[in-house]
Amino acid sequence: MKAPVRVAVTGAAGQIGYSLLFRIASGEMLGKDQPVILQLLDLPQAQNAVKGVMMELEDCAFPLLAGMIASDDPKVAFKDVQVALLVGARPRSKGMERKDLLTANAEIFTVQGKALNEVADRNVKVLVVGNPANTNAYIAMKSAPDLDPKNFTAMLRLDHNRALSQLAAKSGKQVSDIEHMLVWGNHSPTMYADYRFATVNGESLKTLINDEAWNRDEFLPTVGKRGAAIIEARGLSSAASAANAAIDHIRDWVLGTNGKWVTMGIPSDGSYGIPEGVVYGYPVVCENGKYQIVQGLEIDEFSRERMNFTLAELEEERAGVAHLLG
Ligand SMILES: NC(=O)c1ccc[n+]([C@@H]2O[C@H](COP(=O)([O-])OP(=O)(O)OC[C@H]3O[C@@H](n4cnc5c(N)ncnc54)[C@H](O)[C@@H]3O)[C@@H](O)[C@H]2O)c1
Ligand SMILES: O=C(O)C[C@H](O)C(=O)O
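Treat the numbers as computed from the prediction; the structure is a model and nothing was measured.

*Asks:* So what's going on with the site of ligand 2? Residues and values would help.
*Replies:* In the neighbourhood of ligand 2, the contacting residues comprise Asn131, Arg162, His187, Gly227, Ile231, Ser237 and Ser238. A molecule is said to occupy a pocket when more than half its atoms come within 2 Å of that pocket's grid points, and by this definition ligand 2 occupies the largest pocket. Its residues assigned to classes, the shell around ligand 2 shows 1 nonpolar, 5 polar and 1 charged.

And the structure:
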């Protein structure tokens, strides 16, 4: 039997939490032979709801669930964790400006970054789901100077998966047959889903689709605005698909992608002309618990424009929280 892995989940009483925790406990994230200990963080007023979720987790009698704790203190919830899923965040409410949301969440992610810095396992893998995910990941990373910045990532996998499904539908192919698709930039409508390199059974997907107008006028807006479309339809933001993407992200990071490209929001190392440190969606492959950016892709004029557009938004968000980071 392997030693249990400690997994922190913040916002554990929320709707993504409810779709996420049961799948982690059943082994879908870290493997069917990997016991886990869940360390749940939520606000004081949500502790009762967290207790209810823990009762349901108990009632599943998951063989891999080796323990659970709940707390409203990040230093308790993050103690020795090897994986941290930062889901809890302040959503935008009526009358709030985007700037107010950035500032409110900047405070949360500063506190949580500092707590990770103090008490988490030194190799903790952090995935930020709470919006604005890229900038929140950047804030947490900057607040944790003793941890490897590479271990702070943001979730672009939902955009990646959304793009795959749209491409499969358009081309009449299976999602599982599509390789080498990627999403650049911010988890926001400015992201750039790029299928110029994608293949289906070795054939170029772009050639197969052969419809530039569809790419520009339908595909990119559909993927970019999918979150809003789901809110419009459900009255609530995406939850099960977001949890699924979080599982995909961590599973691939920990267990590897076997050479397959996936998209992760990661601190730039300067690749593709993106300034160092900006948390940006990149194509990566994962092996032995590490990710590597896919290098050498040609960037044409349209792509450069889109990559710069999403970068400009990230730079603006970064400037908006700079005063909080000292
Ligand atoms: N990156 C993505 O692809 C993606 C996709 C979907 C949703 N999201 C974002 O994920 C976040 C959570 O979504 P949800 O639907 O689960 O929201 P929700 O409102 O249902 O749940 C959020 C939970 O977080 C808790 N919380 C708030 N502040 C906290 C803090 N400081 N510490 C710990 N917990 C805290 C709340 O009490 C609540 O239980 C939102 O920011 C949402 O916009 C991101
Ligand atoms: O769009 C949102 O606000 C929720 C989430 O980020 C999503 O992409 O579904």
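*Asks:* With reference to specific residues and values, describe the UniProt feature "binding site: substrate" (unreviewed entry) in the chain.
*Replies:* Annotation from UniProt places "binding site: substrate" (unreviewed entry) at Arg92, Arg98, Asn131 and Arg162. The annotated residues contributing to the lining of the largest pocket are Arg92, Arg98, Asn131 and Arg162.

*Asks:* Describe the side chain of arginine 162, naming the residues involved and giving the relevant values.
*Replies:* Relative to the assigned elements, arginine 162 resides in helix H6 (residues 157–171). One buried charge, arginine 162, has no salt-bridge partner; the nearest side chain with opposite charge is aspartate 159, at 4.1 Å. What arginine 162 contacts, discounting residues up to four positions off in sequence, is His187, Val223, Arg226, Gly227, Ile230 and Ser238.

*Asks:* Explain the pattern of salt bridges to me, using residue names and the numbers behind them.
*Replies:* This model, assessed by the stated rule, comprises 12 salt bridges. With its nearest N and O atoms 2.9 Å apart, the salt bridge here joins arginine 23 to glutamate 28. With relative accessibility at 23%, the residue arginine 23 sits in the partly exposed group. Residue aspartate 194 pairs with arginine 196 through a salt bridge whose shortest N-O separation is 2.9 Å. Exposure remark for aspartate 194: the relative accessible area of 1% places this residue in the buried category. For arginine 196, a relative accessible area of 19% puts it in the buried group. By sharing partners, the salt bridges in this structure join Arg157, Asp248, Arg251 and Asp252 into a single network.

Calculation rules
- Residues numbered from 1 in each chain as written.
- Chains lettered and ligands numbered in written order.
- Predicted model: local features only at pLDDT ≥ 70, side-chain atom pairs only at ≥ 80, totals over all residues.
- Heavy atoms only, no water.
- Near = heavy atom within 4 Å.
- 1 Å grid on protein atoms, 1.4 Å probe; cavity = no way out; pocket = protein on both sides within 12 Å on 5 of 7 lines; lining within 4 Å.
- Sits in = over half its atoms within 2 Å of the grid points.
- Nonpolar A, V, L, I, M, F, W, Y, C, P; charged D, E, K, R; others polar.
- UniProt positions renumbered as here; feature names shortened; annotations may be inferred.
- Helix = DSSP H or I, 4+ residues; strand = E, 2+ residues; numbered from the N terminus.
- Buried < 20%, exposed > 50% of the residue type's maximum accessible area, 1.4 Å probe, protein only.
- Lys, Arg positive; Asp, Glu negative; His and termini not counted.
- Salt bridge = Lys/Arg side-chain N within 4 Å of Asp/Glu carboxyl O.
- Contact = heavy atoms within 4.5 Å.

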